[in-house]
Amino acid sequence: MPHDHLSPSGHPYRADDDTPLTYWQTMEIAVRELLIEKGHLSAVEIQHQIDAMDARSPANGAKVVAKSWVDPEFKAALLKDAGSACRSLGFDIGPMHLIAVENTDDIHNVIVCTLCSCYPRNLLGLPPDWYKSREYRSRTVKEPRKVLGEFGLEVAPNIEVRVHDSTADMRYIVLPNRPPDTESLPEEELAKLVTRDSMIGVGLPKHLSELNA
Amino acid sequence: MTDFFGKRWHDMGGDPAGTIDHDQHDFALWEKRVDALMVLSSSKGLMNTDSLRRVLEDMGPEAYEKMTYYERWIASVTQNMIEAGAFSPEELATKMEEITSRGDTYGAAT
């Protein structure tokens, strides 16, 4: 690998508005203005799309997971057709196919996109930078336990690790195990235990003792 | 091509790679706008996920190392818009030149 000593990006990602205008930023402005001038898009549409994107966060996915923990009927529907089940809760998950994969005492699931950066973005928001990195994309399908270890998650040898490789048309979300001693917790509180990483499969939900931490 | 392993560069599952960098950056406004342009252009039928990826993959591994995620995306969106006839390369060049004359920062030029 000629470039594997480099980060996926050869230079810093962050470019604040007060740094020199870059070529690619200039291109973004140009494309946006041309599409508006030609009547393909409006400035309001673009702002609304950004607002909608900003409003999406792992809290959406957490609601879905928490509901599946307390509502067996919903869970069955989610495992059968995650897209429809999520839409029934009012989440606009777009045209993509969504598959929920359930962790059990014997199985731990983790999701990746080896080809690009496919992610259940309509349910979890935009993917974290590491999800799009060469390192995560390359290694998760080959040495998942080692990768999970780098996230601080040691999966016991007797638990099967299943890696799900997303595509542009097929996205996954992990349904993590409900934490112990949460039988009396209401759905809204349960949702607070569900982390983004637990729905990607590189982490677990918070423990009850971390509820307000 | 001497180092062809039966798959293209972007198909990197299983390739050797280093440890995972957990640093996270906040998305800048211009990056969110690129994302919005991709989503909206797709909803208007000017491009789709496959055409986005086709251009990204054709950029080759050098672009993956040298450009940021949304830099690659705007390059792909632009190529797709030109192919869809949304605007011409000449119109793009003229517009970009005009924008650079507005100011030295993204905030000033946008």
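Residues numbered from 1 in each chain as written. Chains lettered and ligands numbered in written order. Predicted model: local features only at pLDDT ≥ 70, side-chain atom pairs only at ≥ 80, totals over all residues.

**What to know about the overall build of chain A**
No. 1: When helices and strands are counted, chain A shows 10 helices and four strands.
No. 2: Each principal axis of the C-alpha atoms in chain A carries an extent, and together these give about 55 × 45 × 35 Å.
No. 3: Sorting the 213 residues of chain A into buried and exposed places 39% on the buried side.
No. 4: Pairs at least 24 residues apart make up 67% of the contacts formed inside chain A by residues separated by at least 6 positions. (Helix = DSSP H or I, 4+ residues; strand = E, 2+ residues; numbered from the N terminus. Buried ≥ 20, exposed ≤ 12 C-beta atoms within 10 Å, placed from the backbone. Contact = placed C-beta atoms within 7 Å.)

**A short note on the pairing of strand S2 (residues 107-112) of chain A**
Residue and element names in this part refer to chain A.
No. 1: When you tally the buried positions in S2, you get five out of six residues, the bulk of the element.
No. 2: Sheet topology note: the S2/strand S3 (residues 160-165) ladder contains six bridges and is parallel. What sits directly across from Asn 109, in S3, is Arg 162. (Pairing = 2+ DSSP bridges.)

**A word on the interface of chain A and chain B**
No. 1: Across the boundary between the two partners, chain A contributes 58 residues, which contact 58 residues of chain B.
No. 2: By residue number, the principal contributor to the side of chain A that touches chain B is helix H1 (residues 23-37) of chain A, which donates 12 residues.
No. 3: A breakdown of the residues in the side of chain A that touches chain B according to their chemical character gives 27 nonpolar, 12 polar and 19 charged. (Nonpolar A, V, L, I, M, F, W, Y, C, P; charged D, E, K, R; others polar.)

**Observations regarding the packing of helix H2 (residues 49-58) of chain B against helix H4 (residues 69-84) of chain B**
Helix packing geometry: the angle between the two helix axes and the distance between the axes.
Residues and elements named next belong to chain B.
No. 1: Put simply, H2 and H4 touch, their axes get as near as 9 Å, and they point 115 degrees apart. Classified by the angle their axes make, H2 and H4 are roughly perpendicular. The two elements H2 and H4 meet at a crossing, and its hand is right-handed. Residues Ser 51, Leu 52, Val 55 and Leu 56 of H2 pack against Arg 72, Ser 76, Gln 79 and Asn 80 of H4.
No. 2: When its residues are assigned to classes, the contact of H2 with H4 shows three nonpolar, four polar and one charged. (Axes fitted to C-alpha atoms, helices over the stretch in contact; angles between N-to-C directions. Parallel < 35°, antiparallel > 145°, perpendicular 65-115°, else oblique. Left-handed = near helix turned anticlockwise from the far one by under 90°.)

**Overview of the domain arrangement of chain A**
No. 1: Entries for chain A in the domain assignment read domain 1 (23-54) and domain 2 (57-210).
No. 2: Look at where the C-alpha atoms of domain 1 of chain A and domain 2 of chain A centre, and you get two points 32 Å apart. (Domains from an automatic or database assignment.)

**Quick word on the confidence of the model for chain A**
No. 1: Residues at a pLDDT of 70 or more form 91% of chain A, whose mean pLDDT is 91.
No. 2: Counting interchain partners and residues more than four positions distant, the pLDDT-below-50 stretch residues 1-15 of chain A has 22 contacts. (pLDDT = per-residue confidence, 0-100.)

**What about the packing of H1(A) against H4(B)?**
No. 1: Packing of H1(A) against H4(B) leaves a shortest axis separation of 10 Å and a crossing angle of 40 degrees. With respect to each other, H1(A) and H4(B) are oriented oblique. Taken as a pair, H1(A) and H4(B) cross one another with a handedness that is left-handed. Of the residues in H4(B), those touching H1(A) at Trp24(A), Met27(A), Glu28(A) and Val31(A) are Glu71(B), Ile74(B), Val77(B), Thr78(B) and Met81(B).
No. 2: Here the contact of H1(A) with H4(B) is built from residues that sort into six nonpolar, one polar and two charged.

**Thoughts on unusual backbone geometry**
No. 1: Located in the positive-phi region is Asp181(A), a residue other than glycine, with phi close to 60 degrees.
No. 2: With respect to the secondary-structure elements, Asp181(A) resides in the loop between strand S4 (170-175) and helix H9 (187-191).

**Quick notes on helix H1 (residues 29-43) of chain B**
No. 1: Its 15 residues give H1(B) an end-to-end C-alpha distance of 21 Å, which sits within 8% of 21 Å, the value for a rise of 1.5 Å per residue.
No. 2: All of the buried residues in H1(B) are Trp30(B), Glu31(B), Arg33(B), Val34(B), Asp35(B), Ala36(B), Leu37(B), Met38(B) and Ser41(B).
No. 3: Of the surrounding elements, those touching the buried residues of H1(B) are H1 and helix H2 (43-55) of chain A together with H2, H4 and helix H6 (106-109) of chain B.
No. 4: Looking one or two places after H1(B), you find Gly45(B), whose phi comes out positive at around 80 degrees. (Expected span 1.5 Å × (residues − 1).)

**Re the nonpolar core**
No. 1: Counting 35 residues, the largest nonpolar core has Val65(A), Ile173(A) and Val174(A) as its most contacted members.
No. 2: For this core, the elements supplying multiple residues, two or more each, are helix H3 (58-70), helix H5 (82-88), strand S1 (97-102), S2, helix H6 (121-124), S4, H9 and helix H10 (196-200) of chain A.
No. 3: Among the elements that line this core, the one with the most residues is H3(A), at five residues.
No. 4: Val65(A) has contacts with Leu175(A), Pro176(A), Val194(A) and Met199(A), leaving out every residue within four places of it along the chain.
No. 5: Grouped together as the second largest cluster of nonpolar side chains are 28 residues, Trp24(A), Met27(A), Ala30(A) and Leu56(B) included. (Core = buried A, V, L, I, M, F, W, Y, C linked by C-beta atoms within 7 Å.)

**Some remarks on the confidence of the model for chain B**
Residues and elements named next belong to chain B.
No. 1: Of all residues in chain B, 95% attain a pLDDT of 70 or more, and the chain-wide mean is 92.
No. 2: The spread of mean pLDDT over the elements of chain B runs between helix H3 (residues 61-66), the lowest at 88, and helix H5 (residues 89-100), the highest at 98.
No. 3: Prediction confidence for the complex, expressed as pTM and ipTM, is 0.87 and 0.92 respectively.

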